[in-house]
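Commentary on secondary and tertiary structure
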Amino acid sequence: MTPILMIISILYGVIIEIRNKLHDYDLLKSQSFEKPIISIGNITTGGTGKTPLTIHIAKYILNQGKKPGIISRGYGRVSNGMVIVHDGTEMLVDVNNAGDEPYLIGRKLKNVPIIVSNKRQEGIKNLIENFFVDIVIMDDGFQHRSVKRNLNILTISGTEKLNNYKLLPFGKMRESMHNIKRAD
């Protein structure tokens, strides 16, 4: 462990903890919406099954006779701003403009609107106002605390090595393990 990386990791951890405390004490505000928000996220980088769980929950909501919508940041996409990936009837963009995971979700769920947006509040507002969804699923939303959620689901890997449970850049932790208490 090099001293520079150690300093970066410590600074990263301090910044994340300060940001979380500001949200905990409501000094940084979170926006509420009139429709329920389900957040599916993780505390580490890498695959923990968020995408399959998002698909499963959307199918469950559909089977209950409700209309879900999905909001994601669209990690890895080349587009910027808000992009409608799927309008609930068809895919509107390619994988490059959607991002891998929203595109995959859109291919699996043929009747669920999906929006990617850097500003998730705008995407959620669009889903509610223009697609008339009953419930919004926020993909990869655990660290996105500027949106209040009604259910906060945290996924973790069952195969991750213990030494990877260190803060970035040494391990895969986006924030300290004690923050899992925010999950439902």
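Quick caveat, the model's predicted, so the values are computed rather than measured.

Conventions adopted
- Residues numbered from 1 in each chain as written.
- Predicted model: local features only at pLDDT ≥ 70, side-chain atom pairs only at ≥ 80, totals over all residues.
- Heavy atoms only, no water.
- Pairing = 2+ DSSP bridges.
- Helix = DSSP H or I, 4+ residues; strand = E, 2+ residues; numbered from the N terminus.
- Axes fitted to C-alpha atoms, helices over the stretch in contact; angles between N-to-C directions.
- Contact = heavy atoms within 4.5 Å.
- Expected span 1.5 Å × (residues − 1).
- Buried < 20%, exposed > 50% of the residue type's maximum accessible area, 1.4 Å probe, protein only.
- Phe/Tyr/Trp six-rings, centres within 6.5 Å; stacked < 30°, edge-to-face > 60°.
- Lys NZ or Arg CZ within 6 Å of the ring centre and 35° of its normal.
- 1 Å grid on protein atoms, 1.4 Å probe; cavity = no way out; pocket = protein on both sides within 12 Å on 5 of 7 lines; lining within 4 Å.
- Points joined across faces, edges and corners; volume = space filled by probe spheres on them.

**Re the sheet that holds strand β4 (residues 113-116)**
Reading across the sheet, the six strands line up as β3-β4-β2-β5-β1-β6 and stay open at both edges, with mixed pairing between neighbours. Since the sheet does not close on itself, it has two edges, and those belong to β3 (83-87) and β6 (151-155), each with one partner. Strand-to-strand, the axes of this sheet are offset by a mean angle of 20°, without reference to chain direction. In this sheet, β6 lies alongside strand β1 (residues 37-42) in parallel orientation, the contact comprising five bridges. Note that in β6 the partner of serine 39 across the bridge is asparagine 152. Its contacts with the sheet put helix α5 (residues 120-131) on β1, β2 (68-72), β3, β4 and β5 (135-139), and the angle it makes with β2 is roughly 160°.

**Structural notes on α5**
With twelve residues, α5 extends 15 Å from end C-alpha to end C-alpha; this agrees with the ideal 16 Å at 1.5 Å per step. Along α5, the residues classified as buried are Arg120, Gln121, Gly123, Ile124, Asn126, Leu127, Ile128 and Phe131. Phenylalanine 132 lies just past α5 and shows a positive phi near 50°.

**Here we look at the packing of aromatic side chains**
All told, the structure shown has zero aromatic pairs when counted by the stated rule. Here arginine 182 stacks its cationic end above the ring of phenylalanine 142, 4.2 Å away from the centre of that ring.

**Observations regarding the layout of surface pockets**
Here the largest pocket defines a volume of roughly 420 Å³. In terms of lining residues, the largest pocket is bounded by 23 residues, among which Lys50, Tyr75, Glu101, Asp140 and Arg174 are the most central. Listing elements by their share of the lining of the largest pocket, those giving two or more residues are α2 (50-63) and α4 (100-108). Quantified by volume, the second largest pocket comes out at close to 220 Å³. Considering the residues around the second largest pocket, the lining is formed by 13 residues, among which Ser30, Arg145, Val147, Lys148 and Arg149 are closest to the centre.

These figures come from the coordinates and say nothing about function on their own.
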